[in-house]
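# Descriptive structure summary
Spelled out, the chains give:
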Amino acid sequence: MKHRIIIAIIAAIFIIGVIGSVLVLTAPPSTVIRIVSHGEVVRTIDLNAAEDTCFDIVSGEHHNTVEIIDHHIRVADADCPDRTCVNMGWLSSAAMPIVCLPHEMVIEYAADSGDVDAVTR
Amino acid sequence: MKARRLTELALLTAISLIIFIVELQIPNPFPIPGIKLGLANIITVYAVYRYRPYEVAMIVIVRLILGAVFSGNITALLYSAAGSALCLIGMLLLKRIIDEKYLWTASVIGAVLHNTGQTAAALIVMRTPQLLLYYPFLIVSGCLAGAFTGLCAQIIVKRFKKPS
């Protein structure tokens, strides 16, 4: 009888482990992004929780207008000469941050959230 | 301690150390730190059921230190020591409840406890809560590896009579 209980406990532990593994594997990628201007983090935003909004990141006399629509982020407008940041469109990948070189502004996924391998690699 | 007893313990330690080192040569298909078969624990489980608690502790402690020296992985000693300590305490207690016929269940719980101790030690040392994301995988692998080593130990226990 007691052995049945123990086997049941083991089965429960195992199932919890499997469920936990599946949860970790299927967890959505990080949605926290940060905006870095002149080497300093000026804003950290969780895209999942963010409302649709529009704001300016000011750099001296220049600005980049950042837009969040439907949990996506992009640079909608900028007065930099090349407008590469606008042309890059929506931020979609941790490997491709939106960069505005003239204004030294970067919009990127915050690396320290949910990045499992950062420590142990 | 009688010379015969001492010799038996030394022999078991040597065997588990050899198994440990041979296992190091087997490439690990899983990239997650902490996952391994732990074949050397066959000896530990066997000893838990055939020797006195302090004798088992002696075997495990010597195995751990010598294993770290021979594998050249001294930093891993901290994690494996924490895991082994928890595992040993758990199995020595479980031994009172669980018959030899169900020895493998004790081994499974011991393996999960080992992984728990490892994870706890890693959390304390690295202070990175993200390490907890590995824990479910460690539980699953611990259950499977523990069942395997437990079944092996069960076969050995069945074949060898109690040392007098």
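### Some remarks on the sheet that holds strand β3 (residues 53–59) of chain A
Residues and elements named next belong to chain A. Ordered in space as β3-β4-β5, the three strands form an open sheet in which the pairing is antiparallel. Taken across any chain shown, the strands that pair with only one partner, and hence form the sheet edges, are β3 and β5 (72–78). Sheet twist, expressed as the average angle between the axes of neighbouring strands with direction ignored, equals 30°. Pairing between strand β4 (residues 62–69) and β5: six bridges, direction antiparallel. Residue pairing across strands places E67 opposite R74, the latter belonging to β5.

### So, unusual backbone geometry
Backbone geometry at A:D70 places phi at a positive 55°, although glycine is not the residue there. In this structure, A:D70 sits in the loop between β4 and β5.

### Looking at the environment of B:L77
Residue and element names in this part refer to chain B. By secondary structure assignment, the location of L77 is in helix α4 (residues 75–97). Accessibility expressed as a C-beta count within 10 Å gives 16 for L77, which makes it partly exposed. The sequence separation of L77 and I65 amounts to twelve residues, and the corresponding C-alpha distance is 7.2 Å. Leave out the neighbours within four places in its chain, and L77 touches L64 and A68.

### Some words on the interface of chain A and chain B
Across the boundary between the two partners, chain A contributes 16 residues, which contact 18 residues of chain B. The element best represented in the side of chain A that touches chain B is helix α1 (residues 2–26) of chain A, accounting for 13 residues. Across the side of chain A that touches chain B, the residue classes tally to ten nonpolar, five polar and one charged.

### So, the nonpolar core
In this structure, B:V45, B:Y46, B:A47, B:L103 and B:V112 are the most contacted members of the largest nonpolar core, which totals 42 residues. Those elements giving two or more residues to this core turn out to be α1 (3–24), α2 (41–50), α3 (53–71), α4, α5 (103–126) and α6 (135–159) of chain B. The element best represented in this core is α5(B), accounting for nine residues. Formed by 14 residues, the second largest nonpolar core is a distinct cluster that contains A:I33, A:I57, A:V75 and A:Y109.

### Quick word on the packing of α4(B) against α5(B)
Residue and element names in this part refer to chain B. In the contact formed by α4 and α5, the axes pass within 7 Å of each other and the chain directions differ by 145°. The interaxial crossing formed by α4 with α5 has right-handed handedness. Residues of the contact of α4 with α5, tallied by class, amount to 15 nonpolar, nine polar and one charged.

### What to know about the confidence of the model for chain A
Residue and element names in this part refer to chain A. The pLDDT averaged across chain A works out to 80; a share of 86% of its residues lies at or above 70. Highest mean pLDDT in chain A belongs to β5 (89); lowest belongs to helix α3 (residues 117–120) (46). In the model, residues 113–121 has pLDDT below 50 throughout and makes 15 contacts with residues more than four positions away in sequence or in other chains.

Definitions and cut-offs
Residues numbered from 1 in each chain as written. Chains lettered and ligands numbered in written order. Predicted model: local features only at pLDDT ≥ 70, side-chain atom pairs only at ≥ 80, totals over all residues. Pairing = 2+ DSSP bridges. Helix = DSSP H or I, 4+ residues; strand = E, 2+ residues; numbered from the N terminus. Axes fitted to C-alpha atoms, helices over the stretch in contact; angles between N-to-C directions. Buried ≥ 20, exposed ≤ 12 C-beta atoms within 10 Å, placed from the backbone. Contact = placed C-beta atoms within 7 Å. Nonpolar A, V, L, I, M, F, W, Y, C, P; charged D, E, K, R; others polar. Core = buried A, V, L, I, M, F, W, Y, C linked by C-beta atoms within 7 Å. Left-handed = near helix turned anticlockwise from the far one by under 90°. pLDDT = per-residue confidence, 0-100.

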